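Now for the letters of each chain:
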Amino acid sequence: MHSRFSWYPAPAVAVASLTFAVATLFGAANASATTDAATKGDSACRPCSGIVVEDPFAVATVLAAAPRLEKDARLFVGWDAPLDGTASPAAAHALAGAGATPWLRLHFNSPAPLLEHLDALQRELDAAVELARLAPPGTRFEIVWEGPGTALADARQYAFLFKRAAVAVSGVQTEAQVFSQALPPDPAWLKLWYGEEIAAYVDGVSLAAGSDDELAATVAELTALDPGKPIVVEGIDLPTDARLAVASAAKLAASGIAIPFFRSGTPTDSDLAPLKVMANEFRGELEPDSGTTPTGGAGAWSFVRGEDLGLRVVVASPGTAAGATPAPAATLALSFPDPQLRTPFRIDLLTGVATPLAEPRRSASATEIRLGKPQSVELLRLARPTAAELEGVTEEVTIASEREIPVEEILRRLQGFEDAQARHLLRYQAVNATTLRFQAASGVQTVEATFEGEFFFRQGKPFDWAWQNFYVNGVKWRGKTIPELPLIQPEKAAAMPLEILFTKDYRYTLRGKANVDGRECWVVDFEPAVPVEGKNLYRGTVWIDRAIGARVRSRAVQLGLQGEVLSNEETIDYTPVDETGNLAAWNGSSYFLPLKVTAQQIVSILNTATVIEKEVKLTSVQINGPEFDQRREEILASDSTMVRDTDKGFRYLVKDATGERAVKETFDTDRLFLLGGTFYDDSLDYPLPLIGINYFNFNAFGKKHQLNAFFGGVLGILNYANPRLFGSKFDLGLDVFGIAIASSDQLFRNEVEQSGEEVKDLPARINVNIGHPIGSFVKWSGTYQIAYDKYSRADNTATSFVLPSDHLTHSLSTGFSYSRSGYRLDLSGAYHQRSKWEPWGLLAGPASETTSSVDAFDPDTKDYKTWQFSASKSWYLANFRKIGVQLEYLGGSELDRFSKYQFGFFGSARVHGYQIGKVRAEEAELAHVTYGFELGELLRIDAVADAAWATDKASGLDNELLAGVGIAGTFMGPWETLINLDIGTPVAGPDDGLVAYIVFLKLFH
């Protein structure tokens, strides 16, 4: 706020009073200005008063007598409302009809400790919500806790109950104001209570009556802790002469107390009349004005109205004592330190009649008013000149700021909205389609598994989900039942964000505002309040609709994970729908459901950071449908595979001996597959048979270690990994690879195949792997590899060709991978050392024989280095369609023929159609594009195009284009087998021919 005044000579006292009044007026305007409509309720009054009664209906009748409460007058009438079902909102409507403001004192009796009696608390919250829902607008609510074992000394317990109650009440009556019960006037206790982050939930604080000194210290502490909130004092007996209550209220208002509550079992007309008159006279924005307090009475308190700068003055006559009426006096002279006051009126506190007084006497610095036959308490109304009327005063005011809504208040709105949602969203059923996409360690090839079926959600209960359809890469499973697969999933979080908790687990920050799908939102970030080592919590962002307080989107990363799940990030989009699942308006009467969920998990599987992308879609939604229970029972009785979301995550729902479904607490961690197929390219003398078994167990030996073993006659693979080494985040593992059939290592040079230099290679490999996640999306890995290569002659090998030495290669490699939102970046480098490396290649000979190889033996190539980088991204479209793009760079130093990059099926970087060991390069840039689609749920086809720009001086390649195309497919075979094929052919570069791979997979156990 910017305010500028140009002052000319004027009386100093008047200037001071006007300055105070204008500051009060503009301060109030600034506090209430906000584009987010954050201010709740209506204009305050000061002083206000309230009365606590036993029979609110009787009070409503008394209020109907003269003087009547005028519009916008504030007289609060409070009474006890037990939450046992006996309380009715009818009394609140009767009081509101009589002009009073109802003050419902909601009595909670849930025993302490509350966490052990949440069911009882929930029943009382439900009753409180019903009262709030039916109460008239403007009703105030006081949260009173009187349960067995309760003690207000436990600030934490009461803070938890108060937050829950405030959210429940404001969820059904968004403008409701919620006050505390009468708290002890103890600054230390209030510090503890506010330390529980209660400020945003409290619209006003009630205090128990105490001494003046106690109240002053407590008010000072509350003003520092929570400035601007109204303070209430309870437990004051209504005086026999009710006019004295007006003086008491004025005195308390001057000290910072907004509302004193007087106790009276059954007040009479004369009891209520002074309180009604005061309520009528003190409507609007008034503030204490000590600069115009008169002398002459036993006590006096002046209040200035911001609207017209007029005064309301309460005066206690000389001799007035609490609860007693003074002896009558002939005249009471009051001297005001302001010579500008005019038009005095005397307000009868019993009738409300305003009687004009004689024109006051004035001096240069004061105004004097005389009252004949003063009553115990007098109420005066005086006018003063407006700013425009003051001679020589011009005024220019610009209000340039707006109230910044605190993040705590935003959270209260969200929690209130969601509490109300939970009360009318009792249950819903839908079709849940969850797709899991498993990315390979490199490249853009993925395996998609989609589970589809009916979904049943009931408020406060775990949801059930039937797997009625199962798709692999878009191909529908044709088996009678869907196999029970191991459920790898992140642990449940210790505490969820944005909820009311006993513990202070999260810290919230308002980042700003943003537009999400056409909705203006607050953007609130959250993170653990303390380091999360050993504690499973979340860090993320929530987008909250500014108009109604609904959650529009949330995104969270799970922290402190244990086990094989290294990272879990989830984004949820909420959509308003009606009872039939159709799109609905953005208001509180719609149902807001998470119709779309996207997530990414990074799972350590056999030391590889396997990325699993998850997408969940809900369709065919029916809300609060009458057929919910019947349909759910039909599905439970069916043979469908079912899962339930429990406190420990997904668990299978299986039938027991009686046919009833029960949660299967454990599930099989191992699987046995039969694998069969063949592989062929021109480097092999005949197709390589693949027939064997594959065994996988991710709880090997009961230690949560991972084991994978494949034996296929000529091929053996063993993988073993501990994903949590010594309980840390390090993983450690071992890979063993061996094959009994040697492959041909051919050589292409200057566009001519050098058949005389063909070599057979029989490899074996052992890797020791270690890895550690860095944050939530990066993983570091290191590998020590010992490889053995045994070389032999092929049928075409020239007699003058010297074979390379059989040797061991020791390699140390390190790398980093980053995965998020479908993007993947990989960077790695390795150092290799051969145990033995002697001269090899063609010997110099007669001209009729081939001369020495250009890339013949070089002793410097005994040790060499390699490095590579790749970036990939996949886009998933409707109906199982997918587009994938990958870019790669490969490089190295001191590379020779047997250490360079190759482009075959098992090479360092693949180009479809290129055979093993024919084309190699020292450096290459590659691009891969795939487009996948399914045909009638029977066949999945992925069209693939690969291109590599290869450079190799020895082979005569100078940024040579190598290109290949191919198709990969999936379909169901007989006996519940899955069949995969991959066929490719070169279209550019020095290779030709065909590379084919086909394999079937049969699950036995």
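Check the entry above for the structure.
I will try to describe carefully the structure that is included in this document. (Residues numbered from 1 in each chain as written. Predicted model: local features only at pLDDT ≥ 70, side-chain atom pairs only at ≥ 80, totals over all residues. Heavy atoms only, no water.)

### A short note on the side chain of Asn568
No. 1: Take Asn568: it is sitting in strand β29 (residues 565-577).
No. 2: Those residues in contact with Asn568 that sit more than four places away from it in its chain are Pro490, Ala556, Val557, Gln558, Leu561, Gln600 and Gln601. (Helix = DSSP H or I, 4+ residues; strand = E, 2+ residues; numbered from the N terminus. Contact = heavy atoms within 4.5 Å.)

### Some points on unusual backbone geometry
Trans peptide bonds make up the majority, and among non-glycine residues the majority have a negative phi.
No. 1: Cis geometry is adopted by the peptide bond preceding Pro67, which originates at Ala66 and carries an omega value of 0 degrees.
No. 2: In the segment running from Ala112 into Pro113, the intervening peptide bond is cis, with an omega of -5 degrees.
No. 3: Inspection of the secondary structure assignment puts Pro113 in the loop between β4 (101-108) and α4 (118-134).
No. 4: Backbone geometry at Asn879 places phi at a positive 60 degrees, although glycine is not the residue there.
No. 5: Along the chain, the position of Asn879 falls in the loop between β49 (863-876) and β50 (882-893).
No. 6: With relative accessibility at 58%, the residue Asn879 sits in the exposed group. (Buried < 20%, exposed > 50% of the residue type's maximum accessible area, 1.4 Å probe, protein only.)

### Focus on the packing of aromatic side chains
No. 1: What the rule picks out here adds up to 33 aromatic pairs.
No. 2: Summarising the aromatic geometry, the rings of Phe470 and Trp477 are spaced 6.0 Å apart at their centres and angled 55 degrees between planes, so their arrangement reads as tilted. With respect to class, Phe470 is no different from Trp477; both count as buried.
No. 3: For the pair Phe701 and Tyr720, a centre-to-centre distance of 6.2 Å together with 45 degrees between the ring planes defines the contact as tilted. Within this pair, whereas Phe701 is found in the loop between β36 (688-700) and β37 (705-711), its partner Tyr720 is found in strand β38 (residues 715-722), the two being separated by 19 residues in sequence.
No. 4: Using a relative accessible area of 65% as the deciding quantity, one classes Phe701 as exposed.
No. 5: Judged by its relative accessible area of 25%, Tyr720 falls in the partly exposed class.
No. 6: Taken together, Tyr428, Phe451, Phe455, Phe457, Phe463, Trp465, Trp467, Phe470, Trp477, Phe650 and Tyr652 form an aromatic cluster joined through their ring pairs. (Phe/Tyr/Trp six-rings, centres within 6.5 Å; stacked < 30°, edge-to-face > 60°.)

### Observations regarding the environment of Ala298
No. 1: Looking at the secondary structure, you find Ala298 in the loop between β10 (286-288) and β11 (299-305).
No. 2: Through-space distance from the C-alpha of Ala298 to that of Pro318 is 4.5 Å; in sequence the pair is 20 residues apart.
No. 3: Setting aside anything within four residues of it in sequence, one finds Ala298 in contact with Ala316, Ser317, Pro318 and Gly319.

### Notes on the nonpolar core
No. 1: Core analysis: the biggest nonpolar cluster contains 90 residues, and Leu63, Leu106, Phe108, Phe162 and Trp193 have the highest contact counts within it.
No. 2: With residues near it in sequence (within four places) discarded, Phe108 still touches Leu83, Leu121, Glu124, Leu125, Ala128, Ile143, Val144, Trp145, Glu146, Gly147, Leu161 and Ala165.
No. 3: Counting residues in hydrophobic clusters, the runner-up holds 32 residues, among them Ala449, Phe470, Val472 and Leu606. (Core = buried A, V, L, I, M, F, W, Y, C linked by side-chain atoms within 4.5 Å.)

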